[in-house]
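# Remarks on the overall topology
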Amino acid sequence: MNLIRVEVVYALPHKQTVLTLKVMADEPVRQIIENSGILQHYPEIDLDTNMVGIFGRQAKLDQRVHDGDRIEIYRPLLADPKDIRRRRAEQAKAEGRADKVTGGRPDPKRTKN
């Protein structure tokens, strides 16, 4: 029996759960997560929609793990970071804090009198 040590991690804004487990070396990510019991603690986790990763790199549910790996279950994003940035830039242009052409700081040389 070849056992390895892995961690299963799920984080909320004000709480983090880290479970350390000993599992068979050939177990896939999905099976490790299901056997960890974390799905009972957090019923909002849906492995068909939530992304998972190993040390910050996206992983597939059928992927095998190595000794010492940390399996992370990611929460869905509430807002797309690109959309947030785009809205902030548009607001800055509308308020005159950004150049309407370049989006950067207003260039006093380009200002029309």
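Above: the structure in question.
Presented here is an overview of the structure given in this document. (Residues numbered from 1 in each chain as written. Predicted model: local features only at pLDDT ≥ 70, side-chain atom pairs only at ≥ 80, totals over all residues. Heavy atoms only, no water.)

### Examining the packing of aromatic side chains
- Enumeration over the complete set of coordinates arrives at one aromatic pair.
- Summarising the aromatic geometry, the rings of Y10 and Y42 are spaced 4.9 Å apart at their centres and angled 55° between planes, so their arrangement reads as tilted. You can see Y10 sitting in strand β1 (residues 3-12) and its partner Y42 sitting in the loop between α2 (38-41) and β3 (52-54), a full 32 residues away along the chain. (Phe/Tyr/Trp six-rings, centres within 6.5 Å; stacked < 30°, edge-to-face > 60°. Helix = DSSP H or I, 4+ residues; strand = E, 2+ residues; numbered from the N terminus.)

### Digging into the environment of L78
- Checked against the element boundaries, L78 lands in the loop between β5 (70-73) and α3 (81-94).
- Separated by 53 residues in sequence, L78 and A25 place their C-alpha atoms 35 Å apart.

### Details of the pattern of salt bridges
- Taken as a whole, this structure holds four salt bridges when the rule is applied.
- Residue D48 pairs with R30 through a salt bridge whose shortest N-O separation is 3.2 Å. Here R30 lies in helix α1 (residues 29-36) and D48 lies in the loop between α2 and β3, a separation of 18 residues in the sequence.
- One network of salt bridges, with partners in common, ties together R30, E34 and D48. (Salt bridge = Lys/Arg side-chain N within 4 Å of Asp/Glu carboxyl O.)

### Comments concerning the pairing of β5
- Bridge count for β1 against β5 is four bridges, and the pairing is parallel. From the neighbouring strand, E7 faces β5, where its bridge partner is R70.
- Two strands pair when backbone bridges link them, and β3 and β5 are joined in this way by three bridges, in the antiparallel orientation. Following the sheet pairing, I54 is matched in β5 by I71. (Pairing = 2+ DSSP bridges.)

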